[in-house]
Amino acid sequence: SKINVMDYSLLVGVDEKRQQLVIGIIDYIRQYTLDKQVEYVVKSSRVMGGKASKQPTIVPTQDYKQRFRQAMQHYFFVIPTKPSPW
């Protein structure tokens, strides 16, 4: 978030043959520029509709970083690389 960068989508798949998760960022990574700031303000104001309970998908980079980290903690957990003795 220090360099005002945001990404758009994280794609997760399962490689059943190798028994691995395959993770990749799709779409593109871009800076949080003036046009995205304006988009955030417009969508946040609900002037053009939208659910009051839902946060816009375009958010400032600090909020994006927090939302992304929370999602990663929610959807992924640490998996040991070696079998556990338990």
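Residues numbered from 1 in each chain as written. Predicted model: local features only at pLDDT ≥ 70, side-chain atom pairs only at ≥ 80, totals over all residues. Heavy atoms only, no water.

Caption draft 1: Seen up close, the overall build of the protein chain. Scanning the protein chain for helices and strands turns up 2 helices and 2 strands. Going residue by residue from the N terminus, the α and β elements of the protein chain occur as β-β-α-α. With 86 residues in all, the protein chain has 10% of them scored as buried. Across the protein chain, contacts joining residues at least 24 apart in sequence account for 38% of those joining residues at least 6 apart. A total accessible area of about 7,500 Å² is found for the protein chain, and carbon and sulfur atoms account for 58% of it. (Helix = DSSP H or I, 4+ residues; strand = E, 2+ residues; numbered from the N terminus. Buried < 20%, exposed > 50% of the residue type's maximum accessible area, 1.4 Å probe, protein only. Contact = heavy atoms within 4.5 Å. Areas by Shrake-Rupley, 256 points an atom, 1.4 Å probe, with all protein chains shown as cover.)

Caption draft 2: Highlighting a nonpolar patch on the surface. A surface patch of nonpolar side chains, about 520 Å² in accessible area, is lined by Leu10, Val12, Val14, Leu21, Ile23 and Ile25. Every element with two or more residues in the nonpolar patch is listed here: strand S1 (5–15) and strand S2 (20–31). Counting through the fold element by element, Leu21 comes out in strand S2. (Patch = residues over 30% accessible without salt bridge, like charges linked within 9 Å, V, L, I, M, F, W, Y side chains within 5 Å. Salt bridge = Lys/Arg side-chain N within 4 Å of Asp/Glu carboxyl O.)

Caption draft 3: Structural detail: the packing of aromatic side chains. What the rule picks out here adds up to 1 aromatic pair. Ring plane angle 20 degrees and centroid distance 6.1 Å describe the contact between Tyr64 and Phe68, whose orientation is recorded as stacked. Within this pair, Tyr64 and its partner Phe68 are both found in helix H2 (residues 61–75), separated by 4 residues, close to a single helical turn. (Phe/Tyr/Trp six-rings, centres within 6.5 Å; stacked < 30°, edge-to-face > 60°.)

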